[in-house]
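Overview (structure and organization)
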Amino acid sequence: MSLVWFSLRLLLQSSERWGGKGSSSGKCFSFAVVDLDKNEEYPLNFVCMLPLQLSLDRKGGSAFVKAFGDQSFAVAKQLLLESLDRETNAEVKTEIERRLKLLEPKPDFEKRCLICGKIFQAKPKHGFKQRYCPECVTKKFGNRKYS
Ligand SMILES: [Zn+2]
């Protein structure tokens with residue numbers, strides 16, 4: 001599979017904002033994906049926002065997932081790692097590291113499908129190790145019941 005997006009000059013543009021009213025809110029960061037081939041100036045080069053969590057499965061997902069499809073995970077990770085290298089602001093670095101962690105599957109509940117690479121919710125009550133997402137299970141084994 002060729003990674004088309006490597007030819008793009010994509011960068012993350014971080015911006016700080018303060019959360020809404022209330023004691024639980026604080027400073028938050030948002031990351032915009034910009035394309036330097038489009039324009040050198042922000043926001044003319046704006047592509048989409050980097051969502052906090054990627055869910056490739058959901059229909060009508062974020063603009064990011066719509067833009068990068070199956071490569072969303074790889075693009076997001078690459079952009080975050082590059083930003084981490086470049087970033088000098090400690091707070092932004094912490095936020096980037098937090099987001100990188102969010103991209104990793106949670107060991108107990110989320111598994112990465114061995115066939116398609118999507119993250120899916122594992123259901124421990126089934127009593128066996130799930131290695132394939134429900135869609136691939138259906139493709140591979142048909143509609144036979146597993147429970
Ligand atoms: Zn799968």
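Just above, that's the structure.
The model shown is predicted, which means the values in this text are computed figures rather than measured ones. (Residues numbered from 1 in each chain as written. Predicted model: local features only at pLDDT ≥ 70, side-chain atom pairs only at ≥ 80, totals over all residues.)

1. A few points about the overall build of the chain
The following threshold applies: Helix and strand definitions here come from DSSP, where helices need a minimum of 4 consecutive H or I residues and strands a minimum of 2 consecutive E residues; each element is numbered from the N-terminal end. Three classes are used. A residue is buried when 20 or more other C-beta atoms lie within 10 Å of its own, exposed when 12 or fewer do, and partly exposed in between, with C-beta atoms placed from the backbone. Here the contact rule is simple: place C-beta atoms from the backbone, and any two residues whose C-beta atoms are within 7 Å are in contact.
From N to C terminus, the chain includes four helices and five strands. In the chain, the succession of α and β elements from N to C terminus is β-β-β-α-α-α-β-β-α. Each of the 147 residues in the chain was classed as buried or not, and the buried ones make up 16%. Put simply, 25% of the contacts in the chain that link residues at least 6 apart link residues at least 24 apart.

2. Focus: the packing of helix α2 (residues 72–86) against helix α3 (residues 90–103)
How two helices pack is summed up by the angle between their axes together with the distance between the axes. For the record, the criterion: Axis lines are fitted through C-alpha atoms, for helices just across the contact stretch, and the angle between N-to-C directions can take any value from 0 to 180 degrees. Each angle is binned into one of four classes, with values under 35 degrees roughly parallel, values over 145 roughly antiparallel, values of 65 to 115 roughly perpendicular, and all other values oblique. Two helices cross in a left-handed way if the nearer one is turned anticlockwise from the farther one by less than a right angle. They cross in a right-handed way if the turn is clockwise. Throughout, the ten residues Ala, Val, Leu, Ile, Met, Phe, Trp, Tyr, Cys and Pro are labelled nonpolar, Asp, Glu, Lys and Arg are labelled charged, and all others, Gly among them, are labelled polar.
For the pair α2 and α3, interaxial distance at closest approach is 10 Å and the crossing angle is 155°. Taken as axis vectors, α2 and α3 run roughly antiparallel relative to one another. Where α2 crosses over α3, the two elements pack in a sense that is left-handed. For the pair α2 and α3, the contacting residues are F73, A76, K77, L80, S83 and L84 in the first and K93, I96, E97, R99, L100 and L103 in the second. Tallied by class, the residues present in the contact of α2 with α3 amount to seven nonpolar, one polar and four charged.

3. Overview of the nonpolar core
Condition: Note on terminology: a nonpolar core is any set of buried Ala, Val, Leu, Ile, Met, Phe, Trp, Tyr and Cys residues joined through C-beta atoms within 7 Å.
Ranked by internal contacts, the top residues of the largest apolar core, which has 15 residues, are L12, V33, L50, F64, A76, L79 and L80. Elements with a contribution of two residues or more to this core: β1 (10–18), β2 (27–35), α1 (63–68) and α2. Setting aside residues no more than four positions away along its own chain, L80 makes contact with L12, I96, R99 and L100.

4. Notes on α3
The condition that has to hold: A helix is expected to span 1.5 Å multiplied by its residue count minus one. To obtain the arc, one takes the directions from the helix axis to the C-beta atoms.
Its 14 residues place the ends of α3 20 Å apart at the C-alpha level, agreeing with the 20 Å of an ideal helix rising 1.5 Å per residue. When we look at burial in α3, the residues that qualify are E95, I96 and R99. Looking straight down α3, one finds its buried side chains confined to an arc of 100°; they lie on one side. The outward face of α3, more than 90 degrees from its buried face, is lined by the exposed residues A90, T94, E97, R98 and K101. The elements touched by buried residues of α3 are β2 and α2.

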